2 protein chains.
Amino acid sequence: MDAIVVTRDDRQPRVVDRPRPEPGPGEALVRTLRVGVDGTDHEVVAGDHGGFPDGSDELVLGHEAVGVVADANGTGLTKGQVVVPTVRRPRGEPSSAFERGEADMAAPGDYVERGIDGAHGFMAEYFTSPADCLVPVPDDLADRGFLVEPISITEKALELAFASRSAFDWQPETALVLGNGSLGLLTLGMLDQRADFESLYCLGRRDRPDPTIDIVEELGATYVDSRETPVGEIPDAHEPADLVYEATGHARHAFETVEALAPNGVGALLGVPAGDWRFEVAGSDIHRQLVLQNKALVGSVNSNAGHFAAAVDTLAALPDWLLDDVVTSVHDLGDVQAAFRDDETTIKTALQFHSQ
Amino acid sequence: MDAIVVTRDDRQPRVVDRPRPEPGPGEALVRTLRVGVDGTDHEVVAGDHGGFPDGSDELVLGHEAVGVVADANGTGLTKGQVVVPTVRRPRGEPSSAFERGEADMAAPGDYVERGIDGAHGFMAEYFTSPADCLVPVPDDLADRGFLVEPISITEKALELAFASRSAFDWQPETALVLGNGSLGLLTLGMLDQRADFESLYCLGRRDRPDPTIDIVEELGATYVDSRETPVGEIPDAHEPADLVYEATGHARHAFETVEALAPNGVGALLGVPAGDWRFEVAGSDIHRQLVLQNKALVGSVNSNAGHFAAAVDTLAALPDWLLDDVVTSVHDLGDVQAAFRDDETTIKTALQFHSQ
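With an unreviewed UniProt entry as reference, chain A is termed Glucose 1-dehydrogenase, source organism Halobacterium jilantaiense. The UniProt entry for chain A carries the following comment under Function (unreviewed entry): "Catalyzes the NAD(P)(+)-dependent oxidation of D-glucose to D-gluconate via gluconolactone. Can utilize both NAD(+) and NADP(+) as electron acceptor. Is involved in the degradation of glucose through a modified Entner-Doudoroff pathway." The Sequence similarities (unreviewed entry) field of the UniProt record for chain A holds the comment "Belongs to the zinc-containing alcohol dehydrogenase family. Glucose 1-dehydrogenase subfamily."

S.K.: Pulling in residues and values, what's your account of the overall build of chain A?
M.R.: Of regular secondary structure, chain A possesses eleven helices and 20 strands. Computed over C-alpha atoms, the radius of gyration of chain A comes to 20 Å, within 12% of the 21 Å expected from 2.2 N^0.38 for 356 residues, which places it in the range of a compact globule. Dimensions of chain A, computed from the C-alpha atoms along their principal axes, are close to 60 × 45 × 40 Å. A total of 356 residues make up chain A; the buried ones form 60% of that total. Taking the contacts inside chain A whose residues are at least 6 apart along the sequence as the reference set, 71% of them involve residues at least 24 apart. Element-wise, carbon and sulfur atoms account for 42% of the exposed surface of chain A, whose accessible area totals about 13,400 Å². Across chain A, 27 positive and 61 negative side-chain charges occur, with their mean positions spaced 4 Å apart.

S.K.: Please give an account of the pairing of strand 16 (residues 261–269) of chain B that cites residues and values.
M.R.: Within a regular strand, side chains alternate between the sheet's two faces. Residue and element names in this part refer to chain B. Taking burial as the measure, the nine residues of strand 16 include eight buried ones, the bulk of the element. In terms of strand pairing, strand 15 (residues 241–246) meets strand 16 through five bridges, oriented parallel. Opposite Ala241, over in strand 16, you have Leu261 as the bridge partner. Note that the unit made of strand 15, helix 7 (residues 251–260) and strand 16 has a crossover that is right-handed.

S.K.: Hey, could you go over the packing of aromatic side chains for me, with residue numbers and the actual values?
M.R.: Applying the stated criterion to the full structure yields eleven aromatic pairs over all chains. Here the aromatic rings of Trp277(A) and Phe279(A) are separated by 4.5 Å at their centres, their planes lie at 55°, and the arrangement is tilted. Note on Trp277(A): relative accessible area 31%, which makes it partly exposed. Look at Phe279(A) and you get buried, because its relative accessible area is 3%. Look at Phe255(B) and Phe279(B): their rings are 5.5 Å apart centre to centre, the planes differ by 80°, and that puts the pair in the edge-to-face class. Placement of Phe255(B) in helix 7 and of Phe279(B) in strand 17 (residues 279–281) is noted, with a sequence separation of 24 residues between them. Just above the ring of Phe162(A) sits the side chain of Arg194(A); from NZ or CZ to the centre is 4.3 Å.

S.K.: Give a description of the sheet that holds strand 1 (residues 2–7) of chain B that names residues and reports values.
M.R.: Through backbone hydrogen bonds, the strands of a sheet pair up, either in parallel or in antiparallel fashion. Residues and elements named next belong to chain B. Pairing is antiparallel in the open sheet, where three strands are placed in the order 2-1-4. Looking at the sheet topology across the chains shown, the edges are occupied by strand 2 (14–17) and strand 4 (58–60). In this sheet, adjacent strand axes meet at a mean angle of 55° when their direction is disregarded. Note that strand 1 and strand 4 share three bridges and pair antiparallel. Bridging across to strand 4, Val6 finds its partner in Leu59.

S.K.: Would you mind going over the UniProt feature "domain: Glucose dehydrogenase C-terminal" (unreviewed entry) in chain A in detail, with residue names and values included?
M.R.: As recorded in UniProt, the feature "domain: Glucose dehydrogenase C-terminal" (unreviewed entry) lies at residues 142–353 of chain A. This span, residues 142–353 of chain A, is 40% helix and 23% strand, and a straight line between its end C-alpha atoms measures 12 Å.

S.K.: Account for the pattern of salt bridges, naming residues and giving values.
M.R.: Applying the stated criterion to the full structure yields 36 salt bridges over all chains. A salt bridge links Lys156(A) to Asp104(A); its shortest N-O distance comes to 3.1 Å. In this pair, Lys156(A) is assigned in helix 3 (residues 148–164) and Asp104(A) in the loop between helix 2 (96–99) and strand 8 (111–114), connecting sequence segments 52 residues apart. With a shortest N-O distance of 2.4 Å, Asp210(B) and Arg206(B) are connected by a salt bridge. In this structure, Asp210(B) and Arg206(B) share a single accessibility class: buried. Each of Arg100(A), Glu102(A) and Asp169(B) takes part in a single network of salt bridges with overlapping partners.

S.K.: Kindly report on the relation of the copies chain B and chain A, identifying the contributing residues and their values.
M.R.: When chain B is fitted to chain A, the best match, at an RMSD of 0.0 Å, comes from turning it 180° and sliding it 0.0 Å along the axis. Taken together, the rotation and translation describe the operation of a two-fold axis. Looking at the interface residues of chain B, 100% of them are also at the interface in chain A, so both copies use one shared face.

S.K.: Go over helix 3 (residues 148–164) of chain B with me, naming the residues and quoting the values.
M.R.: The terminal C-alpha atoms of helix 3 of chain B, which comprises 17 residues, lie 24 Å apart, in line with the 24 Å expected from a rise of 1.5 Å per residue. With 15 of its 17 residues buried, helix 3 of chain B lies for the most part within the structure.

S.K.: Go over the sheet that holds strand 14 (residues 222–225) of chain B with me, naming the residues and quoting the values.
M.R.: Within the open sheet, the twelve strands sit side by side as 14(A)-13(A)-12(A)-15(A)-16(A)-18(A)-18(B)-16(B)-15(B)-12(B)-13(B)-14(B). Their pairing is mixed. Only two strands of the sheet have a single neighbouring strand rather than two, namely strand 14 (222–225) of chain A together with strand 14 of chain B. Within this sheet the neighbouring strands show an average axis-to-axis angle of 20°, counted without direction. Helix 8 (residues 283–292) of chain A contacts strand 18 (296–299) of chain A together with strand 15, strand 16 and strand 18 (296–299) of chain B of the sheet and is inclined by roughly 80° relative to strand 16 of chain B.

S.K.: Just give me the short version of the UniProt feature "domain: Alcohol dehydrogenase-like N-terminal" (unreviewed entry) in chain A, but keep the residues and values in it.
M.R.: Per the UniProt annotation, the sites labelled "domain: Alcohol dehydrogenase-like N-terminal" (unreviewed entry) are residues 24–139 of chain A. Segment residues 24–139 of chain A splits into 10% helix and 37% strand. End C-alpha atoms: 26 Å apart.

S.K.: Describe in detail the interface of chain B and chain A, supporting the description with residues and values.
M.R.: Each side of the interface is counted separately: chain B has 56 residues, and chain A has 56 residues. Counting the contacts that link chain B with chain A gives four salt bridges. For the side of chain B that touches chain A, the secondary-structure elements that each account for two or more residues are helix 3, helix 7, strand 16, strand 17, helix 8 (283–292) and strand 18 of chain B. For the side of chain B that touches chain A, the element with the highest residue contribution is helix 8 of chain B, accounting for eight residues.

S.K.: So what's going on with unusual backbone geometry? Residues and values would help.
M.R.: For residues besides glycine, phi is generally negative; the peptide bonds are generally trans as well. Residue and element names in this part refer to chain A. Of note, the amide linkage connecting Arg208 to Pro209 takes the cis form, showing an omega dihedral of -5°. The phi dihedral of Asn302 is positive, around 60°, even though this residue is not glycine. Here Asn302 shows up in the loop between strand 18 and helix 9 (305–317).

S.K.: Describe empty space enclosed by the protein, with residues and values.
M.R.: If you walk through the whole model with that rule in mind, you get two cavities of 30 Å³ or more. Together, 13 residues line the largest cavity, and Phe255(A), Leu297(A), Phe255(B), Leu290(B) and Leu297(B) are the ones closest to its centre. Going through the elements one at a time, helix 7 (251–260) and helix 8 of chain A together with helix 7 and helix 8 of chain B are the ones with two or more residues in the lining of the largest cavity. When its residues are assigned to classes, the lining of the largest cavity shows twelve nonpolar, one polar and no charged. In this structure, the second largest cavity spans a volume of roughly 30 Å³. Around the second largest cavity sit Pro263(A), Asn264(A), Leu292(A), Gln293(A), Arg88(B), Met105(B), Ala106(B), Ala107(B), Pro108(B) and Tyr111(B), which together line it. Taken together, the residues of the lining of the second largest cavity break down into seven nonpolar, two polar and one charged.

Reading the values: rules and limits
- Residues numbered from 1 in each chain as written.
- Chains lettered and ligands numbered in written order.
- Predicted model: local features only at pLDDT ≥ 70, side-chain atom pairs only at ≥ 80, totals over all residues.
- Heavy atoms only, no water.
- UniProt positions renumbered as here; feature names shortened; annotations may be inferred.
- Helix = DSSP H or I, 4+ residues; strand = E, 2+ residues; numbered from the N terminus.
- Rg over C-alpha atoms; globule rule 2.2 N^0.38 Å.
- Buried < 20%, exposed > 50% of the residue type's maximum accessible area, 1.4 Å probe, protein only.
- Contact = heavy atoms within 4.5 Å.
- Areas by Shrake-Rupley, 256 points an atom, 1.4 Å probe, with all protein chains shown as cover.
- Lys, Arg positive; Asp, Glu negative; His and termini not counted.
- Charge placed at Lys NZ, Arg CZ, Asp CG, Glu CD.
- Pairing = 2+ DSSP bridges.
- Right-handed = clockwise from strand over helix to strand, strands pointing away.
- Phe/Tyr/Trp six-rings, centres within 6.5 Å; stacked < 30°, edge-to-face > 60°.
- Lys NZ or Arg CZ within 6 Å of the ring centre and 35° of its normal.
- Axes fitted to C-alpha atoms, helices over the stretch in contact; angles between N-to-C directions.
- Salt bridge = Lys/Arg side-chain N within 4 Å of Asp/Glu carboxyl O.
- Least-squares fit on C-alpha atoms with pLDDT ≥ 70 in both.
- Expected span 1.5 Å × (residues − 1).
- 1 Å grid on protein atoms, 1.4 Å probe; cavity = no way out; pocket = protein on both sides within 12 Å on 5 of 7 lines; lining within 4 Å.
- Points joined across faces, edges and corners; volume = space filled by probe spheres on them.
- Nonpolar A, V, L, I, M, F, W, Y, C, P; charged D, E, K, R; others polar.

Quick look at the structure:
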């Protein structure tokens with residue numbers, strides 16, 4: 001079968017021929033329909049994030065997949081059923097977090113991530129997975145099912161952020177998304193769906209005309225150009241935010257988030273900064289604001305099957321125009337390079353598989 | 001009646017004669033028994049925190065009080081009942097946070113704090129207070145009732161910290177308290193009472209022999225000298241902490257807290273740093289740890305009547321030896337200066353009133 005890999009010697013994604021996997025006990029065989037590409041994939045391809053499976057010089061890419069069950073293998077799933085796989089798997093014996101269904105809270109070292117770190121991903125005509133890591137999706141969402149994984153990331157982050165404010169009567173009205181990539185835009189759409197938020201902002205650093213700014217404004221949100229208005233100045237230039245969602249991975253933003261928050265606000269941090277960057281911060285002011293204004297910062301990574309299930313419902317509720325505009329292209333395997341292109345006209349791409 | 005004040009011209013606490021206040025509608029008159037002194041009082045005395053009531057050049061000190069109702073004034077309280085006053089009051093019309101009973105979540109500008117900022121405190125033979133700001137205390141806790149306010153501060157901080165981890169199955173085992181002042185030691189005692197924590201640490205910078213280190217060790221906790229083991233090195237030197245409670249107000253500690261946390265851990269920040277201190281941090285590493293290890297920072301200030309009520313129960317449960325050792329002296333009004341002394345043999349002091 002066809003599979004898309006990077007190798008230690010060749011970091012360019014390419015199609016190779018690999019044997020179709022056989023499902024083991026408790027596993028189903030899934031025929032892949034589509035696999036999305038996101039910023040993490042670009043980091044994996046560049047060698048900035050993740051790693052190869054133990055003993056392998058090759059990694060099958062892809063962690064945002066949707067497929068149909070090709071062989072239920074006695075698992076309770078149904079042949080032909082549309083499913084989305086979760087990403088984390090135990091590294092060795094499952095830790096207690098896995099046993100509780102909270103793979104996303106597993107400690108470093110206790111997990112691999114398919115298509116990212118230590119385990120092959122889903123960019124192949126077929127993949128196998130334990131049935132409890134396959135989340136059912138309605139047939140009519142099959143084409144967009146690869147968006148369930150990124151949406152689940154935000155489901156988890158918002159769950160953590162709201163939980164952090166659950167000890168008091170929090171009534172958020174204003175949200176600020178840092179980052180106008182596909183995750184930022186999907187999150188902006190999700191926040192727009194919630195009754196909580198009357199006022200939405202999205203930070204980027206793009207010049208108009210730009211397709212991401214168009215989406216921000218179509219959602220009724222305000223675009224903030226970080227080159228003109230640094231994060232810490234947003235409260236003065238616009239208004240402070242009850243919720244900040246950080247999806248840039250720019251380390252300064254994690255700290256500036258505190259300055260952008262309204263009293264009692266929370267910043268959800270999702271971007272993963274690379275490297276070893278030390279810099280100066282307004283340390284006593286940030287500390288003082290956190291304490292005297294009851295502010296919080298909550299880091300969030302990955303998501304579990306419960307978040308995937310919530311994401312299926314959210315995907316069904318998001319407006320068609322938003323999903324159409326966020327997914328700028330879907331490519332066949334003959335055009336793999338195009339799926340990994342990342343320019344100013346590209347928001348999100350996916351690869352389409354055609355095996356029957 | 002006698003009252004302890006600082007004035008704009010004289011920052012030394014001293015006894016002055018002031019008229020006994022008259023309770024207004026909904027208010028009771030309280031005869032003061034004892035008022036504790038804490039780090040905030042020292043900052044107020046030094047002019048580093050808080051401020052005078054509007055139009056006044058004098059502030060009656062004291063926010064950690066216990067007293068008995070001298071005139072219930074038709075409020076539903078009972079004459080002779082022991083009560084502890086909460087600290088925050090509306091500045092002008094009550095904001096929605098006050099109306100919800102969440103004075104501690106009121107926005108800056110919406111409140112004054114008695115004895116601290118903009119309103120006279122409780123260091124006087126009598127004070128008045130709205131009845132709903134007076135929390136009943138059993139008679140046998142009257143002597144120690146001035147500890148209800150500081151304990152309530154930790155009740156709130158722990159409530160916020162645990163709430164922030166309530167979206168998943170958090171099972172904390174290790175806690176680290178930064179600061180061996182009276183609040184840090186009371187908190188260590190409170191954590192010791194909870195079933196959660198098997199392993200406790202307390203950070204200070206004192207040489208042995210030292211009365212605070214004695215308390216730390218009597219509680220079965222491990223004393224960590226910050227001059228030998230910086231906060232960020234505690235995971236390697238000892239173990240990472242599921243919960244960090246920051247009570248030093250040293251701004252670097254707010255950031256180092258992230259490094260001291262175990263995966264999925266939370267840092268509760270309570271210390272209030274002064275000044276405008278900028279410094280370098282390991283920015284990308286702190287950001288990355290927050291995200292990839294699901295860590296959180298939660299700032300917490302003040303406390304509401306619900307936290308005071310919880311603190312009354314906690315005070316009753318704390319061991320006598322701890323409370324005896326934390327309160328190093330109780331002084332009469334003739335010895336006001338001694339109550340405000342702050343040396344290495346002083347942990348916590350209180351002033352005692354003798355009016356009948």
